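Results of the structural survey
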Amino acid sequence: MQMRDFVVRFAGEGGQGVVTSAEGLAQSSTQVGYHALTFATFPSQILGGPTWTQARISVDPVLSAGDDVNVLVAFNREAYDTHCEDVLEDGVVIYNSAEFELEGDGRSFGLPFEELAKSTGNNRAANMVIIGALAHLISMPQEHLVSFVEQRFNRGRAEDAEVIRSNIAAMTLGRNHLAESGFSLGELAPPEKPEYQQLMIKGNEAVSIGAMAAGLDFYVGYPISPATPILLYMERNLVGKDRLAYQVSSEIESITAILGAGYAGKRSMTATSGPGVSLMSEGLGLAWIAEIPLVVVNVQRGGPATGLPTKTEQSDLFSCMYPAHGDVKIPIIAAGTVEECFFGAVKAVEWAERYQGPVILLSEMALAERSQNIPKPDLSKIKQAKRKTYTGSNGYLRYAGNELSPMPIPGTPGSYVANGSEHDDMGDTTHLGERHVQMTERRFGKIKLLEEDDFERDQPEHSIAVVTWGGSKGPSFEAYNKLKESGVPVGWYYTMYLNPLPPKMLKELKQKDLVIVPELNYQGQFSSILRSLGVKAESITQYTGLPFKARTLVEKITEMTNVCLKETVGV
Amino acid sequence: MSKKNPEYDFKWCPGCGDFGVRRALELAMIDRMETTGESMHNSVVVAGIGCSGNLVHLLEGEQPYGIHGIHGRSLPIALGVKMARPSLNVVVVAGDGDFLSIGGEHIGPQAARNLDICAVIMDNGVYGLTKGQSSPTTLQGTVTSSTPFGKLETKTNPLELYLTLGVSFVASGFSGQPRPLSQLIRQGMEHRGFSIVHVQSPCTTYNDTFIELKGDLKNGIQPSIWDVPEDHDPSDKNAAHNLLQQGGVPIGVIYNDTNRLSLDQSVENTWEKAQPKTVGQLMGAFEF
Ligand SMILES: Cc1ncc(C[n+]2csc(CCOP(=O)(O)OP(=O)(O)O)c2C)c(N)n1
Ligand code: SF4
Ligand SMILES: [Mg+2]
């Protein structure tokens, strides 16, 4: 039987080519029409250190990194020992025989990656040796790989031809060597190449380009894993007249500088991770009370304080929705896929301008560093974010009334004081109770402007639903599809708009007997927010620093569903 | 606010030095309007939190834009405003506590950047708004509400600090002399780069140093302020340091380096190195 999907894990030391091999495989596969997704972990040291990256290649769009490993590529002994147990019984291990030898266990095959590469005259082609070997395992036609190499290394330089030749030679060597082993995983079904144009892109890059597509003008940031690539991307690309990307000296400077820029009329943004959000707390409150548009992207990592900088977790929902003292609740968009990283960023910039206040876009380590093929976004359908601006004369009352009012821009008439103290309609500080009532209601009232209609929904007739958020979307949806197939009576709801939730979705969720929320944190943060909104929600939590496996979710959701059904029947 | 606003209930105490600073700033902004022809709405006053920061609400006459934000962060807010629209005239007003204590971490970076703004610091050697605690510029040994046995730390010398951090324009003023002070502020605004006008602005309620600063010759008290001599060369950093070694409070321009590019100019110079791409082109790099 043909396979529709397979998973390769590359494990070794940082610097051995673990990441480039996985990315190379994913890229070559998407080029010939497969779907691919990578999941990267990071070593905690700068040079070397154990690391692994997984690539899942499939005929169908890929939802998660995959539960099981079909092939392990072990660059050293330690990697083999750590990961061999995750390899399926009928899986294969390819190991670097220059580093260590394994007893013939019937499923392991040694290849001297580097030696073979050297023999082609190209020391850097070790990953091509591996990709060639993998191609043999799944009977991928040689011409696919050849065309990938030709495209990839055709850079208009004199040495191109030689580089292409040696890479193809390396690939062929890998393929021929593995053929000797007699191992095979079968045949991967032929690709069903999508009709539409595609991008192969990572979450952080998608966020960057999405924000720019919405018209971002101003970006400042401070380096922090896993958000740094956004800063670096912006510094290279958000350049020129009337735009700026710039590294400042702390997250306190980031938030206050984008606040100053937002006040001065610019669509502005910063990106950070948990520790940075903590430092931005007071600034976010200021943006809320003074009604200044800005976007903060939080690429979540694990743990409080310095926590787990190189692991993934979804534990900042509380700290982002309620980051500051006082009555504050920040609008939140949480991206669940690389594609949503793009559209979430577009929306975040647009929301900030629409309601004149701070918006937080949540991403997470596993999305940020994930390479995935996505349909190419249609730029002609994306509108630049627009702010209601004031165009009258002086003497304007910026904060008059209970609703959003046009915002004056410095340099034009309409001077006012944007005030972080409670203020009256002209922006002067006040302590009157009725003013605080009016202004508090004005600020919360504006959130209504952000209510969206669209959300994902399947089998709404069931009284139990799975509702996840962020990057847990992939494994949850994969689990949901399996449950649906086997007739477990649960429905599916999903949105990236966590605050405000699409009102229609919230209304339907309130009518459910049980809403099951898979999420990567200890406290069950989203289910607890849903409960506060009147939804009978319960979480499936995990806090290992790794994403969910679909299998785990199938088991847990089935169990919770059974318990719930028994209870409701019993009554 | 241009008219009296009954809802705004903050008042400076009678005799507070900040009245003089407000007057000086108004004069400087009016003079700037008249000489450059730019409207008042081209200026933005970013205020710290303290009695001093309330200046942004208490300005009379034609109103500039303002931000009255959070404690200690006026500099990075000003960074955002200025770099968003370099054509704006951006002025920071803050107290010694706001600027040197909680916000101290932002002075060095703006100095290194040579951010083109003018900071007017009202130094009263005390936390006025929170009612009299010690600040970085309170004298060592002083008993304040928060130092019942005398302040343990030495007094910070802000002018020395600014010079050391590389602030490109440093002036020292006195709130009791609004006209000369307005000239210093005016020069600070004109300076292409980071300028600080550090003003002795006594707190009549918690740390009244008026007499000490102005002197009272009838009672034999020599003034501690003295004018920077005419032959002082403000472009000479050593001369500036020397001036500050002479005791008392020199009033005037201490240091002025006109040879550095401001941050917005440096940024502009990078444009030719970059090859800006459209969003479509950026996306194209990921297409396959
Ligand atoms: C984060 C934070 N901490 C503390 C305060 C309380 N606070 C308000 S003003 C101030 C000190 C003001 O001193 P200074 O900057 O010298 O201004 P002055 O009142 O003397 O003009 C303090 C500590 C605050 N508003 N925010
Ligand atoms: S407490 Fe001091 S600084 Fe504050 S208003 Fe009164 S005199 Fe001025
Ligand atoms: Mg003070």
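You'll find the structure just up there.
Residues numbered from 1 in each chain as written. Chains lettered and ligands numbered in written order. Predicted model: local features only at pLDDT ≥ 70, side-chain atom pairs only at ≥ 80, totals over all residues. Heavy atoms only, no water.

1. Considerations on the coordination of the magnesium ion (ligand 3)
All names here are of chain B. The following threshold applies: We call an atom a donor if it is N, O or S and sits within 2.8 Å of the metal, or 3.2 Å for Na, K and Ca. Water is not counted, so some sites may look partial. Starting at the N terminus, helices and strands are each numbered in turn, a helix being any DSSP run of H or I of at least four residues and a strand any DSSP run of E of at least two. Burial classes: relative accessible area under 20% of the type maximum marks a residue as buried, over 50% as exposed, and values in between as partly exposed (1.4 Å probe, protein chains only).
For the magnesium ion (ligand 3), the full set of protein donor atoms is Asp96 (OD), Asn124 (OD1) and Val126 (O), and the range of their distances to it is 2.1 to 2.2 Å. Read in sequence order, the donor residues coordinating the magnesium ion (ligand 3) give the pattern D-x27-N-x1-V. Pair noted here: Asp96 is in helix 4 (residues 96-102) and Val126 is in the loop between strand 4 (118-123) and helix 6 (158-165), with a separation of 30 residues, a long-range link. Both residues of the pair, Asp96 and Val126, belong to the buried class.

2. Describing the packing of aromatic side chains
Centre distance and the angle of the planes are the two values used to describe a pair of aromatic rings. For clarity, the threshold we go by: Centre distance within 6.5 Å is the pairing criterion for rings of Phe, Tyr and Trp, where only the six-membered ring of Trp is used; planes under 30 degrees apart are then read as stacked, over 60 as edge-to-face, and the remainder as tilted.
Applying the stated criterion to the full structure yields 22 aromatic pairs over all chains. Plain terms: the ring middles of Trp12(B) and Phe19(B) are 5.1 Å apart, the flat faces sit at 75 degrees to each other, and that makes the pair edge-to-face. Phe19(B) gets classed as partly exposed once you look at its relative accessible area, which sits at 32%. Pairwise contacts between aromatic rings join Tyr263(A), Tyr399(A), Tyr416(A) and Tyr65(B) into one cluster.

3. Overview of the site of ligand 1
Inclusion rule: Residues are counted as near a molecule or strand when any one of their heavy atoms sits within 4 Å of it. Whenever two N or O atoms come within 3.5 Å, that pair is a polar contact, provided that in protein one can donate a hydrogen and the other can accept it, and provided that, for residues adjacent in sequence, both atoms are side-chain atoms. For the accessible areas, the method is Shrake-Rupley and the probe is 1.4 Å, while residue cover comes only from the protein chains on display. We call Asp, Glu, Lys and Arg charged. Ala, Val, Leu, Ile, Met, Phe, Trp, Tyr, Cys and Pro are nonpolar, and the rest, Gly among them, are polar.
Neighbouring residues of ligand 1: 17 residues in total, closest Cys51(B), Ser52(B), Asp96(B), Gly97(B) and Asp98(B). Flanking ligand 1 are residues from chains A and B. One nitrogen or oxygen atom from the main chain of Asp98(B) is found 2.7 Å from an oxygen atom belonging to ligand 1. Calculation on ligand 1 without its partners gives an accessible area of 580 Å², and the protein chains cover 76% of this total. The residue inventory of the shell around ligand 1, partitioned by class, reads six nonpolar, eight polar and three charged.

4. Description of the pattern of salt bridges
Residues and elements named next belong to chain A. For the record, the criterion: Salt bridges are identified by distance alone: a Lys or Arg side-chain nitrogen within 4 Å of an Asp or Glu carboxyl oxygen.
Summed over the entire model, instances satisfying the criterion amount to 39 salt bridges over all chains. A salt bridge links Lys202 to Glu23; the nearest nitrogen and oxygen atoms lie 3.9 Å apart. With Lys202 in strand 9 (residues 198-202) and Glu23 in helix 1 (residues 18-31), this residue pair connects regions lying 179 residues apart in the sequence. Classification of Glu23 as buried rests on a relative accessible area of 17%. Where salt bridges share partners, they join Lys347, Glu350, Arg354 and Glu452 into one cluster.

5. Brief notes about a positive patch on the surface
The line we're drawing: A patch consists of residues exposed above 30% relative accessible area that lack any salt bridge, with like charges linked at up to 9 Å and nonpolar side chains (Val, Leu, Ile, Met, Phe, Trp, Tyr) linked at up to 5 Å. Positive residues here are Lys and Arg, negative ones are Asp and Glu, while His and the chain termini are left out of the count. In plain terms, the charge of a residue is placed at NZ if it is Lys, CZ if Arg, CG if Asp and CD if Glu.
On the surface, a cluster of positive charge is made up of Arg124(A), Arg152(A), Arg155(A) and Arg157(A). Using a relative accessible area of 48% as the deciding quantity, one classes Arg155(A) as partly exposed.

6. With respect to the interface of chain A and chain B
This is how it is decided: Between two residues, a contact is recorded if the distance between any of their heavy atoms is within 4.5 Å. Two parts placed together each lose some accessible area under a 1.4 Å probe, and adding up what both lose gives the buried area.
Facing 66 residues of chain A, the contacting portion of chain B comprises 46 residues. The contact between chain A and chain B buries some 4,800 Å² in all, and 62% of this surface belongs to carbon and sulfur atoms. It is Tyr246(A), Glu253(A) and Ser415(A) in chain A that bury the most area against chain B; as a group they hold 11% of the surface buried on that side. Along the contact surface separating chain A from chain B lie three salt bridges. For Glu7(B), the salt bridge is made with Arg435(A), and the minimal N-O distance between the two is 2.7 Å. Taken together, the connections running from chain A to chain B amount to 27 residue pairs in polar contact (both at pLDDT 80 or more). Counting only elements with at least two residues in the side of chain A that touches chain B, the list comes to helix 1, strand 9, helix 7 (203-213), helix 8 (228-237), strand 11 (244-247), helix 9 (251-263), helix 10 (274-290) and strand 17 (417-419) of chain A.

7. A look at the sheet that holds strand 18 (residues 456-458) of chain A
Residue and element names in this part refer to chain A. Note the threshold: A pair of strands is considered paired only if DSSP assigns at least 2 bridges between the two. With axes taken as lines fitted to C-alpha atoms, and helix axes fitted only over the stretch in contact, angles between N-to-C directions fall between 0 and 180 degrees.
With mixed pairing, five strands are arranged side by side in an open sheet as 18-20-19-22-23. The outermost strands of the open sheet, each flanked by one partner alone, are strand 18 and strand 23 (537-541). With direction set aside, neighbouring strand axes in the sheet form an average angle of 20 degrees. As defined by bridge partners, strand 22 (residues 514-519) adjoins strand 23 across five bridges and the pair is classed as parallel. Within strand 23, the residue paired with Ile516 across the bridge is Glu538. Contacts between helix 16 (residues 503-510) and the sheet are confined to strand 18, strand 19 (464-467), strand 20 (491-494) and strand 22, with strand 20 contributing the most and set at about 145 degrees to the helix. Strands strand 19, strand 22 and strand 23 of the sheet are contacted by helix 17 (residues 525-532), whose axis makes an angle of about 150 degrees with strand 22.

8. Brief notes about the packing of helix 6 of chain B against helix 9 (residues 237-244) of chain B
Residues and elements named next belong to chain B. For clarity, the threshold we go by: Roughly parallel refers to an angle under 35 degrees, roughly antiparallel to one over 145, roughly perpendicular to one between 65 and 115, and oblique to any angle outside these ranges. Note on convention: the crossing is left-handed when the near helix lies turned anticlockwise from the far helix by less than a right angle, right-handed when the turn is clockwise.
Axis separation between helix 6 and helix 9 bottoms out at 10 Å; the angle between their running directions is 160 degrees. In terms of axis orientation, helix 6 runs roughly antiparallel to helix 9. The two elements helix 6 and helix 9 cross, and the hand of that crossing is left-handed. Here Leu159, Glu160, Leu163 and Thr164 of helix 6 lie close against helix 9, whose contacting residues are Lys237, Ala240, His241 and Leu244.

9. Examining the site of ligand 2
Inspection of the region around ligand 2 gives Trp12(B), Cys13(B), Cys16(B), Cys51(B), Asn124(B), Cys203(B), Thr204(B), Thr205(B) and Tyr206(B) as its neighbouring residues. Its residues placed into classes, the shell around ligand 2 shows six nonpolar, three polar and no charged.

10. A word on helix 10 of chain A
All names here are of chain A. The criterion, for reference: The span expected for a helix works out to 1.5 Å for each residue beyond the first. A residue's bend is the angle separating two fitted axes: one through the seven residues that end there, the other through the seven that start there.
Helix length check: helix 10, at 17 residues, gives a terminal C-alpha distance of 24 Å against a target of 24 Å (1.5 Å per residue), a fit within 8%. The sharpest bend along helix 10 reaches about 55 degrees and sits at Met280. Burial within helix 10 is extensive, with 13 of its 17 residues counted as buried. Just beyond helix 10, the residue with positive phi is Glu291, at close to 65 degrees.

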